Amino acid sequence: MYGIVGDPVEHSLSPVMQNSAFEKLGMDCVYIPFRVASSVLGVAVKGLRSQGVLGFNVTVPHKTKIIQYLDKLESHARNVGAVNTVKTVENKLVGYNTDSIGVVEALKTNGILPSDNTFTILGAGGAAKAITHALIESAPRISVLNRTLERAHGLRRDIRRRSGREIKIGSLTRRNLERELHTTDVLINATSVGMKGNPGNIPIEGDLPQDLVVFDIVYDRCDTELVKQAKRSGCRIIRGTEMLLYQAAAAFTLWTGTKAPVDTMRHSLATFGFNR
Ligand code: ATR
């Protein structure tokens, strides 16, 4: 059966990266974006299963809902409670979360070892959760600030239950953030502030500490306000495209059993103006 695919997932950079990797390694594979409404997610998964695909990615808003349609979860995905990558293993669909690998690899590639640094994470949604779980075993201290304090409480309870470790939490206010930044090595923005359609601002004014590393997981062709502010303050910056790249590379390796050609994938992002 052949089909014509229309209305793909808007602005998705994943096909660009994955197809460049397949081409580079001469693999006879293709990565195709599909827009799937929440109401038909189960049917879509059934269709992919019947086609015997190597695997697939799942993005917002399906990362949690997908779990009920899978046969098995890898332990880290179970801890995070979200799946972004699915692999077919002996006709079973297994769920993984490579966002966590993505954030750790992005840090390490930029010379930041989680075990040597303290972190302030902004946000308590799905992305913040994956990042906190990724860092909790190694980072000496993690603070989470969120606009809605109750959600940060929820993340703290979840981390305590799953890992037995503690994080500090607070409301995302200018005062709290300034206080945290005095004792933080790496600031990670895991809110959706800076994404298209979100008019919000991170509540920081003036200069940031110069020795702070600022990692904004939001990516765009233009600098986000936070990245602009970090640049003005002379901070080191890690861009959201780094996390995007390394979560994609981890998914590629899971599906194919082959080391991902990260440089090729990085280059493919650059051709779309996303790698500076
Ligand atoms: P994702 O799965 O991408 O993390 P999410 O679960 O909807 O998406 O989480 C979005 C995060 O961005 C939340 O931490 C949200 O804060 P609330 O829990 O208070 O909603 C945060 N966020 C979104 N818009 C924001 C804004 N304008 N200011 C501050 N935080 C914001």
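Above this text you will find the structure in question.
Keep in mind that this is a model prediction, so the values were computed, not measured. Each chain has its residues counted from 1, following the order in which its sequence is written. Local features are withheld for residues below a pLDDT of 70 in this predicted model, meaning they are given only at 70 or higher, and side-chain atom pairs are given and counted only at 80 or more; totals for whole chains, interfaces and linings count all residues. Side-chain numbers come from the whole structure's heavy atoms, not from hydrogens or water.

Caption draft 1: Local environment of the nonpolar core. Ranked by internal contacts, the top residues of the largest apolar core, which has 47 residues, are Phe 119, Ile 121, Ile 131, Leu 135, Ile 142, Ile 188 and Phe 215. Both domains that furnish three or more residues to this core are identified here as domain 1 (2-97 + 242-270) and domain 2 (101-240). Whether two residues are in contact is decided by their heavy atoms: any pair within 4.5 Å suffices. If we skip the residues at most four places from it in the chain, Phe 119 touches Leu 107, Ile 112, Pro 114, Leu 135, Ala 139, Arg 141, Ile 142, Ser 143, Thr 184, Val 186 and Ile 188. Leu 177, Leu 187, Val 214 and Leu 226 belong to the second largest nonpolar core, which has 15 residues in total. Nonpolar cores are built from buried Ala, Val, Leu, Ile, Met, Phe, Trp, Tyr and Cys residues. Side-chain atoms within 4.5 Å join them into one set. Per-residue accessibility, obtained with a 1.4 Å probe over protein chains only, is compared with the maximum for each type, and a residue is labelled buried under 20%, exposed over 50%, and partly exposed between these values. For every domain, the bounds stem from an assignment made automatically or drawn from a database.

Caption draft 2: View of the sheet that holds strand β5 (residues 118-122). In this analysis, strands are considered paired if DSSP registers two or more bridges between them. Secondary structure elements are taken from DSSP: a helix is a run of H or I of four residues or more, a strand is a run of E of two residues or more, and numbering for both begins at the N terminus. If you walk across this open sheet you meet the six strands as β7-β6-β5-β8-β9-β10, and the pairing is parallel. On the outer flanks of this sheet lie β7 (168-171) and β10 (236-239), each paired with one strand and no other. Between one strand axis and the next, the sheet turns by 20° as a mean value, whatever way the strands run. Between N-to-C directions, angles span 0 to 180 degrees; the directions come from axes that are lines fitted to C-alpha atoms, helices contributing only their stretch in contact. Its contacts with the sheet place helix α8 (residues 225-232) against β8 (186-189), β9 (213-216) and β10, and it is angled at close to 155° to β10. The strands touched by helix α9 (residues 240-256) within the sheet are β9 and β10, with β10 carrying the most contacts at an inclination of about 45°.

Caption draft 3: Broad picture of the environment of Val 60. Within the secondary structure layout, Val 60 lies in the loop between β1 (55-57) and β2 (72-73). A relative accessible area of 63% means that Val 60 is categorised as exposed. Separated by 24 residues in the primary sequence, Val 60 and Asn 84 place their C-alpha atoms 8.7 Å from one another.

Caption draft 4: Highlighting the pattern of salt bridges. Salt bridges, as used here, are contacts in which a Lys or Arg side-chain nitrogen is within 4 Å of a carboxyl oxygen on Asp or Glu. With the rule as written, the count across this model stands at 16 salt bridges. One salt bridge connects Glu 150 with Arg 157, and the closest N-O pair in it is separated by 3.4 Å. A residue is classified by how much of its surface remains accessible, and Arg 157, at 47% relative accessible area, is partly exposed. Linking Glu 225 and Lys 228 is a salt bridge whose minimum nitrogen-to-oxygen distance equals 3.1 Å. Of this pair, Glu 225 and Lys 228 both sit in helix α8, three residues apart, which is roughly one turn of the helix.

Caption draft 5: Structural view of the pairing of β7. Two strands pair when backbone bridges link them, and strand β6 (residues 141-146) and β7 are joined in this way by four bridges, in the parallel orientation. Bridging from a neighbouring strand, Val 144 pairs with Ile 169 of β7. Crossover handedness is defined by viewing with both strands directed away from the observer: a clockwise path from the first strand over the helix to the second marks the crossover as right-handed. In this view, the connection linking β6 to its parallel neighbour β7 by way of helix α6 (residues 149-163) has right-handed handedness.

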